[in-house]
Structures are given as structure tokens and as C-alpha cells.
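# Structural features, examined
Okay, here's what each chain looks like letter by letter:
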Amino acid sequence: MNSPDFQLAFATLIASPQLCKQAIADEPSVFDQFALTEKEKTRLRSVLRQKGMSICCSLYRMNRITPLYTQLTQTATLLGDELITLAEEFWESYPDSSLQFKEEVLAFGQFLLAKLEVGTLKFPYLQEILRLELAINELSYTPAIIEKTVHFDYDIVAILLAMDRGTLQTERLQKVQVAYKVYLEEQTLKLALL
Amino acid sequence: MDNTNEKLGVGLLYNASLPEYLEHNIEQVDYIEIIPDMFWSDEGRNAYPRFVDLPQWRHQLNWMAKQVPLVAHNIGMSLGTLNYFDKGYIQFMKEMNESYRFRWHSDHLSFIKLPTKGPHDHNAGIAIPVPYDKDYLAMLREKISFITEQIELPFLIENNVYFVEYPDQDYSETDFINQLVSTNDQANILLDIHNLYANSVNHKLKARQYIDELRMDKVVEMHIAGGNEMGGMYMDSHAGPCPDEVWELLDYAVSKAPNLRGITFEFHESYFPLLRFDGLNKQIEMAKAIWNKYTLQPYYHELA
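Residues numbered from 1 in each chain as written. Chains lettered and ligands numbered in written order. Predicted model: local features only at pLDDT ≥ 70, side-chain atom pairs only at ≥ 80, totals over all residues. Heavy atoms only, no water.

### Brief notes about the overall build of chain B
- Secondary structure summary: chain B contains 10 helices and 14 strands in total.
- Relative to its length of 304 residues, chain B is compact, with a C-alpha radius of gyration of 19 Å against a globular reference of 19 Å.
- By residue count, 62% of the 304 residues in chain B fall in the buried class.
- A separation of at least 24 residues holds for 76% of the contacts in chain B among residues at least 6 apart in sequence.
- Taking the average place of the 25 positive charges on the side chains of chain B and the average place of its 44 negative ones, the gap between the two points comes to 3 Å. (Helix = DSSP H or I, 4+ residues; strand = E, 2+ residues; numbered from the N terminus. Rg over C-alpha atoms; globule rule 2.2 N^0.38 Å. Buried < 20%, exposed > 50% of the residue type's maximum accessible area, 1.4 Å probe, protein only. Contact = heavy atoms within 4.5 Å. Lys, Arg positive; Asp, Glu negative; His and termini not counted. Charge placed at Lys NZ, Arg CZ, Asp CG, Glu CD.)

In C-alpha cells:
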């Protein structure tokens, strides 16, 4: 008789290559977290040692990074190589993903904003870019909301233009309190200074 | 109109790169297959309304529905999850079908969602094949019966691509699928030729033998696609054009599938720059050549 815990254990292992390594090195420390039959333990023992298990782990990571790349394109550009490190930290702290784009993007955005807030992440202009892209995410998936007012500490248009030129890291933008109306027209982003 | 046995021909699985292509090439496709989950946002089990339209997407869907027949390919039923069945999702699919009159609908022989206490289910990130065991067979039969009772359409189960194999299963994959569809007239098979090819590369599975063992009279749709290599395995990545081996397998499979109603080409939208309009038309033409080779021959109809 198969148990729901087998499915939970398999999914948990796919989400964590570190846990896979731990299960191979110290099986009870992982398997005993689940109510598994001997047959199910035999199956997990087998799949953990198959080449395809690392493919499953990679596919999981690819499918979780896709919403972030798709909806937070400028954030991803700004973070560069740091994105993967931060995404992995996020996945560890937020393992129960629905993979609904809206929720996944919002949760990752809030995770980054919280790190910026307490100062464990320091990235110039990231807060502005995140505020903008989280607003776009909400507009994209919540048809009842047709526009958002977003407040920035630096002029978001100047940031976007500098990113477009590839000069954001070398430019020193003036700190200024501004608000924009953000809306989508034919799926194209529109910004109106308030 | 009774569409019960209507043969459609060759179609495309819709993705976000296709609107411009379809606008200029709609006559190339006999039908469009959609993943319904792309057209709304699921706000969670306790939300009302739970499923919220995404207007731009629905606008595109409404346009497509006026042009060609539609077929639904689900990714969200998670039929293989034990102690879980999202009847609210099935109810919404029923409403979608009433609006769009899908010719058939389908989902995978796997689990991807795991229930949580929260409004959203945990998503496992990849479709994990079910073990081919007796209790899974019984559970899946029950769920498929519910689906076919609720939505009066042929419901197709797709064969998996898999990267790990479970030891000591009660059935082979073909035996499991055959038994799954044997007791329900509306339960049929979506044979993904590229999944079969990937499994043959990765696990030394004999693809033609698999086709010989499968209830080919129950195959209503076939999927074809391209793939690529990653980490020493061949991936079902829908990476552009079909490899030669997939065309050969498709030819063999179509020759044995008297009730086949459609062949669907799938590609991931990120590979559109590789295919472009000409590349897509070429894949469709090649599939149509195989479709016509068998469906236009008299003996094929005798088989049916």
C-alpha cells in the first residue's frame, strides 16, 4: 500500500540536493521524518542513487527560477550572479511553493525587500526596481486593479534609462521622493509622474 | 454538432510566442491545444471567485476559438496525488468546456501538487510519475470516472517522461495504461512520442515494442516535440524541431492508431526564435504528411 508520505518525501528530496546527499550519507535522519513502508524506502534508496535524480533536482530549480526571471527581469539583471544565491536562500526559507507566478514573485520580492530593510542585502536602486516590478506583477495577475501608485526614493525613470544604457553602477543618481502611476496598456508598461 | 469521432489533423500547443504567427498562419493549423491554467489566475481554494480571468489572455483565447477547434491539455489536476482531488478545479474545467467546446481534454499520469493547510497546494516543481501499482490504478480509475461523468468529453491520459525508475512495480507502464483505459469508454490515451523517445534514450526502453504493447485503438492524440541533452540525459525540453527519430516513431505509431484524431506539435516559447514562421510551418507540414499518409488510406478507416 502506497502512502502520501512517499510522495511528500520524494517531492522534498527533489527540492533539496543537500537533503539528497544527507539521505545517502545518513538515511534514517531523512527517511524517519516520513511514515514510509519498507517498499517505499527501497524505492527512495534506489532513485536517490540514479543519475536522473540530479536531473529532477535541476528541473525543480529551473521551474522555480522561471517565474522570477519572467516577472522580475530588471531585478534579475541588477542582481546578476547574486540572483541564484539569493534564490537558493529563498527556496530554503519558502519551500511550500504553489508555483503560481503571482504568489512566487510576490514572496521572493518581499523576501528581498525584507533583507534590504534590515540591511543584510545592500544593492543600490534594487528597492526601486523591486517596487516597480512587484506593482507590474500585481497588475498583470489582478485584472480588478488597473493602476497602482508607487512611491520611490530615486526617480525610477532615471534608473531604467541608466540600466538601458548599462551605466547604472557608475552613475550617482539624486535621491528624490517621487510617485508614479503605474499601469499597463496593451501589456506595455506605462508610467505617469504624479 | 456531435464531435465524438471528428478527426482534426495537426495542431499546435499554444504558448505566449504564438499570437503573431497564428494571426498570419491560422490556416496552417487544424486545431489549437491550450493549457487552460494559462488563461486565469488561481487565487486559492478559499477565495471567491477562485479563478480570475486574465483579460489579455482570454481575449486571445476567444479569438482562437473563433478560428479553429480547441483542445484542452491540463497540467493542474495532479491525478496521481494520493488522498487529494481538487473537485473545484474540475468544476471550473467543466465551465470552461461549456464556453469553448473542447474536442477532448487531457492530463498527465503523474503527481505535481501536494495538499497543504493553506489556500494553495504545494507544487512539487516537476511532474513526478506515479508508481505503476495496484492501489494507484484503482485511485486513478476512480478519479477519471468522476472527470468523465462531470465533463462529457473524451479524457486522455498522457504517458510520462521520467528520469528515475521505481524498482518493484506491480505493472509495466503499458500494462498500467492499458488497464487504466480499459473500463471506461471515455478514458483514452495521449501518446507523447517525444516522451517515449526520451525514455528510450535515457532508459534503453524499446520504443516500438512499447507502441506494440499499448492499446493503440485508445490513442486519440499524439504529441511531438524536440529536446536536448542536459547532465548526460536527454530532456523533454520542447527545444525546437523534432529529431528524425521522433518522425520515424510518429510514422510507426500513426500507422497503428485507427482512432487517432490529432497530432500536436509542442515547443517552448523560448525556442520560437529558432523556429520562426518557416520552421513552424515545416514541422506542421511534416506532421501533416504522416497524418495524410495514413488517415487518407482506405485500410486505415477499416481499422477504425
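Okay, back to it.
### Here's the deal with the sheet that holds strand E10 (residues 187–192) of chain B
Residues and elements named next belong to chain B.
- Taken in spatial order, the 8 strands line up as E1-E2-E5-E6-E9-E10-E11-E14 and close into a barrel, and their pairing is parallel. Strand-to-strand twist across the sheet, computed as the mean angle between neighbouring axes with direction ignored, equals 30°.
- Alignment of strand E9 (residues 155–158) against E10, held across 4 bridges, turns out to be parallel. In the sheet register, Glu158 faces E10, and the bridge partner there is Leu190.
- Strand contacts of helix H4 (residues 134–150): strand E6 (105–108), E9 and E10, with the helix running at about 145° to E9, the strand carrying the most contacts. (Pairing = 2+ DSSP bridges. Axes fitted to C-alpha atoms, helices over the stretch in contact; angles between N-to-C directions.)

### Some details on the interface of chain A and chain B
- The partner chain B presents 40 residues to the 39 residues of chain A that form the contact.
- Taken together, both faces of the contact between chain A and chain B bury some 3,300 Å²; the carbon and sulfur share is 63%.
- At the junction of chain A with chain B, the criterion picks out 3 salt bridges.
- We note a salt bridge from Arg43 of chain A to Asp133 of chain B, for which the minimum N-O separation is 2.8 Å.
- Connecting chain A to chain B are 16 residue pairs in polar contact (both at pLDDT 80 or more).
- Counting only elements with at least two residues in the side of chain A that touches chain B, the list comes to helix H1 (4–14), helix H4 (38–48), helix H5 (52–71), helix H8 (101–118) and helix H9 (126–141) of chain A.
- A per-element tally of the side of chain A that touches chain B places H5 of chain A first, with 9 residues.
- Taken together, the residues of the side of chain A that touches chain B break down into 18 nonpolar, 14 polar and 7 charged. (Buried area = accessible area lost by both parts, 1.4 Å probe. Salt bridge = Lys/Arg side-chain N within 4 Å of Asp/Glu carboxyl O. Polar contact = N/O pair within 3.5 Å; in protein donor to acceptor, adjacent residues only side chain to side chain. Nonpolar A, V, L, I, M, F, W, Y, C, P; charged D, E, K, R; others polar.)

### Considerations on the packing of aromatic side chains
- In total, this model carries 27 aromatic pairs over all chains according to the counting rule given.
- Ring geometry for Phe51 of chain B against Phe92 of chain B: centres 4.4 Å apart, planes inclined by 15°, an arrangement best described as stacked. On the criterion of sequence distance, the pair formed by Phe51 of chain B in strand E4 (residues 51–53) and Phe92 of chain B in helix H3 (residues 87–100) is long-range, its members being 41 residues apart.
- Sitting over the face of the ring of Tyr183 of chain A, Lys181 of chain A holds its NZ or CZ atom 5.1 Å from the ring centroid.
- Between the NZ or CZ atom of Lys113 of chain B and the centre of the ring of Tyr89 of chain B, over which it lies, the distance is 5.0 Å. (Phe/Tyr/Trp six-rings, centres within 6.5 Å; stacked < 30°, edge-to-face > 60°. Lys NZ or Arg CZ within 6 Å of the ring centre and 35° of its normal.)

### Observations concerning the domain arrangement of chain A
Residues and elements named next belong to chain A.
- Each assigned domain of chain A is listed with its residue range as follows: domain 1 (4–50) and domain 2 (55–193).
- A straight line from the C-alpha centre of domain 1 to that of domain 2 covers 35 Å.
- Together, the buried faces of domain 1 and domain 2 total about 440 Å²; carbon and sulfur atoms form 74% of this surface.
- Three residues, Ile14, Ala15 and Pro17, lead the burial of domain 1 against domain 2; their summed loss comes to 79% of the area buried on that side. (Domains from an automatic or database assignment.)

### Comments concerning the side chain of Thr148 of chain B
Residues and elements named next belong to chain B.
- Residue position: Thr148 is located in helix H4.
- A polar contact of 3.1 Å, which involves the side chain of Thr148, links it to the backbone oxygen of Ser145.
- If we ignore the near neighbours within four places in the chain, the residues touching Thr148 are Leu153, Phe155, Asn184 and Gln186.

### Some words on the pairing of strand E1 (residues 9–13) of chain B
Residues and elements named next belong to chain B.
- In terms of residue burial, E1 counts as a mostly covered element, since 5 of its 5 residues are buried.
- Bridging between E1 and strand E14 (residues 262–265) involves 4 bridges; their strand directions are parallel. For Gly11, the partnering residue across the bridge sits in E14 and is Thr264.
- When E1 meets strand E2 (residues 31–34), the two strands line up parallel, connected through 3 bridges.

### Focus: the sheet that holds strand E1 (residues 147–154) of chain A
All names here are of chain A.
- With antiparallel pairing, 3 strands are arranged side by side in an open sheet as E1-E2-E3. Of all strands in the sheet, those bounded by a partner on one side alone are E1 and strand E3 (188–193). Along the sheet, successive strands turn relative to each other by an average axial angle of 35°, direction set aside.
- Relative to strand E2 (residues 175–185), E1 is paired through 7 bridges, and the arrangement is antiparallel. Bridging from a neighbouring strand, Lys148 pairs with Val182 of E2.

### Let's talk about H3 of chain B
Residue and element names in this part refer to chain B.
- Compared with an ideal rise of 1.5 Å per residue, which puts 14 residues at 20 Å, H3 spans 20 Å between its outermost C-alpha atoms and is within 8% of the ideal.
- Looking at the buried side of H3, the elements it contacts are strand E3 (40–42), E4, helix H2 (55–67), strand E5 (70–73) and H4.
- A positive phi of about 50° marks Arg101, the residue just after H3. (Expected span 1.5 Å × (residues − 1).)

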